[in-house]
Structures are given as C-alpha cells and as structure tokens.
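So you can see what is in the structure, the chains are spelled out below.
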Amino acid sequence: MSADPVLQSEREHLRRARADLQAMREHTLSLTAQSADHVSTEYLKASLYRRAKALEDDPTLPLFFGRIDHGSSETFHIGRRHVMDGHGDPMVVDWRADVSRAFYRATRDDPHGVTLRRRYGFAGGELTSYEDEHLLDPGEADVTSRILTEEIERPRVGPMRDIVATIQPEQDEVVRAGLDTTVCVQGAPGTGKTAVGLHRAAYLLHTYRERLARTGVLVIGPNQAFLHYIAQVLPTLGEVDVRQVTVAELVDGVPIRGADDPETATLKGGARMSDVIRNAIWSHLAEPTETLYVTRGTRRWRVPVHEAADAIRTLRERGDGYTTARALLGQRLAHRILLRMEAAGEITDDRVQNAVARSRPVKDYVDRLWPALDPVKLVMRLLSEPELLAAAADGILDADEQRTLLWRKPARGPKTAPWSHADAVLVDEARAALERVPGVGHVVLDEAQDLSPMELRAVGRRAGTGSLTVLGDIAQGTTPWATPSWPEALRHLARDDAHLEILRKGYRVPAAVVEFAGRLLPVIAPGIAPPEPVRSNPGRLAIVRADDPGAVVGAVADVAAREGSVGVIVADAAVAETAAALDRAGIAHGQLADDHRVTLVPATLAKGLEYDHVVVAEPAAIVAAEPAGLRRLYVVLTRAVSSLTVVHREPLPDPLTHQ
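Residues numbered from 1 in each chain as written. Predicted model: local features only at pLDDT ≥ 70, side-chain atom pairs only at ≥ 80, totals over all residues. Heavy atoms only, no water.

## What about the overall build of the protein chain?
Reasoning step 1: For the protein chain, the count of helices and strands is 29 helices and 21 strands.
Reasoning step 2: Counting all 659 residues of the protein chain, 52% fall into the buried class.
Reasoning step 3: Summed over all atoms, the accessible surface of the protein chain reaches about 30,100 Å², with 51% contributed by carbon and sulfur.
Reasoning step 4: Of the side-chain charges in the protein chain, 79 are positive and 91 negative, and the distance between the mean point of each set is 6 Å. (Helix = DSSP H or I, 4+ residues; strand = E, 2+ residues; numbered from the N terminus. Buried < 20%, exposed > 50% of the residue type's maximum accessible area, 1.4 Å probe, protein only. Areas by Shrake-Rupley, 256 points an atom, 1.4 Å probe, with all protein chains shown as cover. Lys, Arg positive; Asp, Glu negative; His and termini not counted. Charge placed at Lys NZ, Arg CZ, Asp CG, Glu CD.)

And the structure:
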C-alpha cells in the first residue's frame, strides 16, 4: 500500500523548513558585530547571540502544527516561529502574525476567509498524521478534532509545555490584546490562564518588538518552584530574554531573617501602610524659620523665609518623589538669588546658578529643611521607634495596631534588624515614595489573588506607564490577606480600567475531578462557578479510606504504573515522613525542581502545578494546617490532568461528603 501523498508532501515541507531554519541560524552566527565604539559592539554581539538562540531547533517539537488555506492560491503553515527559505518566502508563519489569527478564530459561521484548516499529529518531532476541516463545505459535519483533543490530554512529564497548538478562541482573545491594554483573567483550575498569560507575553514581544526591546517584559510568580515549572514555555516560543521573578525577589532590598504571624503580616500588607510611610517621610520636612544668606564676591544675597517656604510648598505640591523634589530645592533657591543679582545689574547665566546651588550655605540650608532619607533606615525606625510610628500613624492605625507593628526587640542597625518579607515590601514602598522606581513595558502577574495590597502596589509600580496581564482565581486565595475581588486588586495595582476576562472552559482538569473538588466552592467562594469541563475523557477518581499508613505508598505505586507524571501532595509537615516511606518502598521520586516522574509536593507549593496523576494524602491534615485550609485543599485537588486518588484515614472534610 503506497504512503499517503498528502502526508509525504507535508513531511517534505517539514524537512525543508528545518533546513531553512538551520540556514537562518548559520547566517546569524556568521555575522560580525562591528561598530564605532566598544559599547555598541558588545550590544550588537548580545543581540546576535539572542537571535541565534531564538533560532535553535528542538527536534522533539514540530516546527509547525497547523495550516490554513485561503482558496487555492494562499497556503500558510502555522508554527512556533517564522521560517523563510533562501528567497525570503515564508515556509512557516509565526503563530503570532496577523495572518495566523484565522487559524485560531475561524469557524463555519465566521471562516475568516479560510477554506481549509489542517492540524498535524506529531510524535517525537515527526509528522505522523493530519486532519482537515473544510469550513465552507456545508455537507461536512462539525466534528471535535481528534488531534486537538489528544494534544490537550497528552501525558506530560517535567516543566509546563506551551499550548500554542491548542489555543482556543476565548484564550486567543486574551493573548492578542494590545500592549496598551491591561487584562485581568479570572480562571478556574484547568482553564489555561497561566499558559494564556505566558503566550500573551510572547505575542506582545513579537508584535511590539522595538518598543519592548527598550522597556522589557517581567513575569512574576508565587515561588521558585512555580517559576521552574513554567521556565521553558517562552524559550520554546523563541523568546529567551524575559526576566522571571518571585514577589520576594522583586522587593529584595533587605536580608530576610524572620516571618510575621498572620495578624502582623496582614496589617503590614494593608493599603493603609502606604499612608503611614508617606506621613513618616514627609514629617522630616521642616518649615523655614531663618533667612538664607549666600556670599558671592563682595556682595551678600538673601532669600527671605517666605520665599523659601513658597519654594518648598511648590515642589511638594508638584507630586514628585521626596528625593527628586529635594534635589530641585537648591536650584529653586539659587534661582531666587539670581533674580536679585540680575536686578542689581550683574551678569548671570546657568553656570552661576549651578555654582550658587552647590555652595555650602545653600546645601546646608537644604539639609536642615529637607534632609536626605534612606528607605531602609526609615522603615527600620518606623518599626522600632514608637514616637515616629505614633506620629505617622495618627488617625490611620489605632494604638493596638501600632503595638502590633513594632518589633519586639530593638534593631541595632539595618543589617541586623529582624526583617520579614512584609517589611521588605514596606521598604519598597518607602523607596518608591522617595524616588521613582524604574518600570518595564509589560508585567505578567500570576496567582495575583494571593498578594497583599502592598505587594500589589509594588507590582503595579514595576509596570510604570506600561500594562499588565493579571492572572488568578479568587477561589484559590489561600493567604490571610487574599484579595476578595478583582476590582479591589486592580485598584491597588492602579489599573482600575483593566479589562476583566473570565475563562470558563476547563481543558486540563477532567470532569470527575472538577465535580469532586467543586463541592468545596459553595463554602470557600460562593460567587465562583466551577470550570466547564470540555475534555472527552472524564478522568479517574478514587477515594481510598485506609487505616494502613502504607496506603499512600501503595496508591503511588499503582498510579506510577500508568503513563505520565505523578504528583504526591501531602501536608507540609508530612513531607519528610512520606519521602522516607517512598524510599523504603523503592519508589524513585524527586522534589519540585528535580523533574522526576514522581514528585513529592508540599501542599503549600502545589499552586499552579499540574500532573497527569495526583495522589493526595490525608486531606484533613492539609485543611488543619492553616486558616484557609479548605481553599488550600481545593488547590491541591485540582492539580490532576488524568486521575486523582485521595487516600485518607481521618474523615474527609464535610463539604466533600455532600454531593
């Protein structure tokens, strides 16, 4: 039986496209970075390196995953990056290009000019099958794409994969939102919100390349385990120059030595602290009581008290940061003196004004009225000096709240102070109040529902005049300060005008798991609906009641016999004991950053991760470990892609027993 000629033709196209991509990379590597100066030369070298890195071919990934035909004249293969032949004609069109939009949006009701849409099946980077959809053929019935379904449900091991071949129309709407638009995505587990956010970053970098090359893109995640999990998504799409950080790294201005109790952390993370910090800063400003005298040559010039006060008032009302305004005060005072010099007939210019501003009398006068401040020392004093805190918090925090904020032990200095993460966020707030914090062109913020108002303010500042993609799920808020609503979170981010998009269709979590975990929603988030499962495979759900401590190990051994990754999620306090049990049973496993097929996961770090098979041990212990235990359990139960096994000795939490 002869091979399918269409399949053979497409395989040949893939072979030629790979050869052309290699030629593009070799051409880039052959270029020599030469410029008139050393700095420009080094910049060009770095640019060529990034370009060559982006053109690397991963043979395990298909260069293209789809094709669209516009009649019989135009055919476009859609892939992860642009590939052209030696004549400059496209062999593969980047999925982010305008012409590729139709691949994701075309329907029979609105075909976008597409007559045929073709999807490809691949195994190990080799093209194995194809599937055609004739959008203008009235005799062809709508059929769910087998290739699309298999790609969504394909077992996964290791870091998160891109979803570029399976982006759905409602997801594509978010991905292709313009750079000037801030988008907030509310998405239940399995709706693909994290992947959508990362693909939007890739889309913006492609579409606004020159603009973002200057300002950059920043991805902010909840912890290092999460960032490790998503780290390869952007590189597989050809974007290798995106900074990925946690919130803790974002505000890394002091050495963290301790942790606050929930009450104190919630108080420090509240929006009122921004007013306290500003009051503390501006309390250092003094009213002038003496005339400024400056001797120049044989003459003595003066600035009266009322003119100095007017200069200070004008600078403060401009809204500049404390430090920026302070730097301008000397020039304002010097300008007043220059006016008097000119009135007396003396010749002046900018050099004279600068010399007066730098003179010792002016500098001493500015230091007395507008002293220089350091954000670290300021917050240290605020948290250790009751008098300063009382003055700054007057009318904002009551006496009990002020006592809660104060450190129990006096700080001997900034380097030895008992800094917590919440304190570091306060230092960042103080730094921003003193002077402008540099921003980037776009920020992708994931798991935003868990951030405090002060953390959200810190993130919002990094966007500067740029935009954000805000991702999260109100139902998965597990911190004591979790945001109750997106409008409130967006207000703290200073993006009240953001577009709110709700992703409802669940592509990852199977129906059986959604139904089981969804029993918690009426209790933890009454206004949030569960995702609408669209997968053909309902998944497996097993609830195992066992008094045998070895039941968890047995469940892990059972699911490990299946294809795909395995996540064993336990209460944090049970991690060491479970690891020892797995070792005794000879079951190889790793921690979050190890990329093992079987991974042992503390419940508090499970958010944002996914595994083909999940074994959850003792839900009651997970719930009891923290005040938001039921929400944590909801997160844990919704990490499964194919099967969920719950092993328990203690009774399940009540909501899970009610169908």
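## Topic: the packing of aromatic side chains
Reasoning step 1: Counting across every chain of the model gives 9 aromatic pairs.
Reasoning step 2: Plain terms: the ring middles of Phe 103 and Tyr 104 are 5.2 Å apart, the flat faces sit at 85 degrees to each other, and that makes the pair edge-to-face.
Reasoning step 3: Since its relative accessible area comes to 3%, Tyr 104 is described here as buried.
Reasoning step 4: Geometrically, the ring pair formed by Trp 407 and Trp 419 is edge-to-face, given 5.2 Å between the ring centres and 90 degrees between the ring planes. Remark: Trp 419 occurs in the loop between α19 (399-405) and α20 (421-434) and Trp 407 occurs in the loop between α19 and α20; sequence separation between them is 12 residues. This pair shows no difference in class: Trp 407 is buried, exactly as Trp 419 is.
Reasoning step 5: An aromatic cluster of at least three residues, connected via ring pairs, comprises Phe 64, Tyr 120 and Phe 122.
Reasoning step 6: Positioned over the ring face of Tyr 293 is Arg 300, at 4.0 Å from the centre of the ring. (Phe/Tyr/Trp six-rings, centres within 6.5 Å; stacked < 30°, edge-to-face > 60°. Lys NZ or Arg CZ within 6 Å of the ring centre and 35° of its normal.)

## Observations regarding the pattern of salt bridges
Reasoning step 1: In this structure the tally under the stated criterion is 40 salt bridges.
Reasoning step 2: When the shortest N-O distance is used, the salt bridge between Arg 118 and Glu 10 registers 2.7 Å. Pair noted here: Arg 118 is in strand β5 (residues 116-123) and Glu 10 is in helix α1 (residues 5-30), with a separation of 108 residues, a long-range link.
Reasoning step 3: Measuring nitrogen to oxygen at the nearest pair gives 2.7 Å for the salt bridge that ties Asp 428 to Arg 461. Of this pair, Asp 428 sits in helix α20 while Arg 461 sits in helix α21 (residues 453-463), placing them 33 residues apart in sequence.
Reasoning step 4: Salt bridges here are not isolated pairs; linked through shared partners, they connect Arg 278, Asp 428, Glu 429, Arg 457, Arg 461 and Arg 462. (Salt bridge = Lys/Arg side-chain N within 4 Å of Asp/Glu carboxyl O.)

## Regarding the domain arrangement of the protein chain
Reasoning step 1: Taken domain by domain, the protein chain consists of domain 1 (5-163), domain 2 (177-269 + 381-504), domain 3 (285-369) and domain 4 (511-656).
Reasoning step 2: Every contact between the two is made by 17 residues of domain 1 and, on the other side, 20 residues of domain 2.
Reasoning step 3: Taken together, the links from domain 1 to domain 2 amount to 1 salt bridge.
Reasoning step 4: One salt bridge in this structure joins Glu 239 and Arg 96, with 2.7 Å as the shortest N-O distance.
Reasoning step 5: At the boundary of domain 1 and domain 2, one finds 7 residue pairs in polar contact (both at pLDDT 80 or more).
Reasoning step 6: Here the element with the most residues in the side of domain 1 that touches domain 2 is helix α2 (residues 38-54); it accounts for 3 residues. (Domains from an automatic or database assignment. Contact = heavy atoms within 4.5 Å. Polar contact = N/O pair within 3.5 Å; in protein donor to acceptor, adjacent residues only side chain to side chain.)

## So, the pairing of strand β4 (residues 90-94)
Reasoning step 1: Across the 5 residues of β4, 4 count as buried, placing the element largely inside the fold.
Reasoning step 2: By the bridge criterion, 2 bridges tie strand β3 (residues 83-84) to β4 in an arrangement that is antiparallel. Bridging across to β4, Met 84 finds its partner in Pro 90.
Reasoning step 3: In sequence, β3 turns back onto β4 through a hairpin of 5 residues, with Gly 88 there showing a positive phi of about 90 degrees. (Pairing = 2+ DSSP bridges.)

## A closer look at the environment of Glu 401
Reasoning step 1: Along the chain, Glu 401 turns up in helix α19.
Reasoning step 2: On a C-alpha basis, the gap between Glu 401 and Lys 268 in space is 9.8 Å, while along the polypeptide they are 133 residues apart.
Reasoning step 3: The residues contacting Glu 401, other than those within four sequence positions of it, are Leu 267, Arg 272 and Ile 396.

## Re the pairing of strand β1 (residues 64-70)
Reasoning step 1: β1 sits mainly inside the fold: 7 of its 7 residues count as buried.
Reasoning step 2: As defined by bridge partners, β1 adjoins strand β2 (residues 74-79) across 6 bridges and the pair is classed as antiparallel. Its bridge partner lying in β2, Ile 68 is registered against Phe 76.
Reasoning step 3: Linking β1 back to β2 in an antiparallel pair, the connection comprises 3 residues, with Gly 71 at a positive phi of about 65 degrees.
Reasoning step 4: Direction of pairing for β1 relative to β5: antiparallel, over a ladder of 4 bridges. Directly across from Gly 66, in β5, lies its bridge partner Arg 119.

## Looking at empty space enclosed by the protein
To find the voids left in a structure, one rolls a probe of water-molecule size over its atoms.
Reasoning step 1: If you walk through the whole model with that rule in mind, you get 3 cavities of 30 Å³ or more.
Reasoning step 2: Around the largest cavity, the lining is made up of 27 residues, and of these Met 160, Ile 163, Gly 192, Arg 508 and Glu 610 lie nearest the centre.
Reasoning step 3: Elements supplying a minimum of two residues to the lining of the largest cavity: α4 (146-153) and α6 (193-207). (1 Å grid on protein atoms, 1.4 Å probe; cavity = no way out; pocket = protein on both sides within 12 Å on 5 of 7 lines; lining within 4 Å. Points joined across faces, edges and corners; volume = space filled by probe spheres on them.)

## A word on the nonpolar core
Reasoning step 1: Phe 65, Ile 78, Trp 95, Ile 230, Val 616, Leu 637 and Leu 644 are the most contacted members of the largest nonpolar core, which has 76 residues in total.
Reasoning step 2: Ranked by the residues each element gives to this core, the list is headed by α6, at 8 residues.
Reasoning step 3: Once you skip the residues sitting within four places of it in the chain, Leu 644 turns out to touch Val 513, Phe 516, Arg 540, Leu 541, Ala 542, Val 614, Val 616 and Leu 637.
Reasoning step 4: Formed by 60 residues, the second largest nonpolar core is a distinct cluster that contains Met 273, Ile 277, Val 362 and Trp 370. (Core = buried A, V, L, I, M, F, W, Y, C linked by side-chain atoms within 4.5 Å.)

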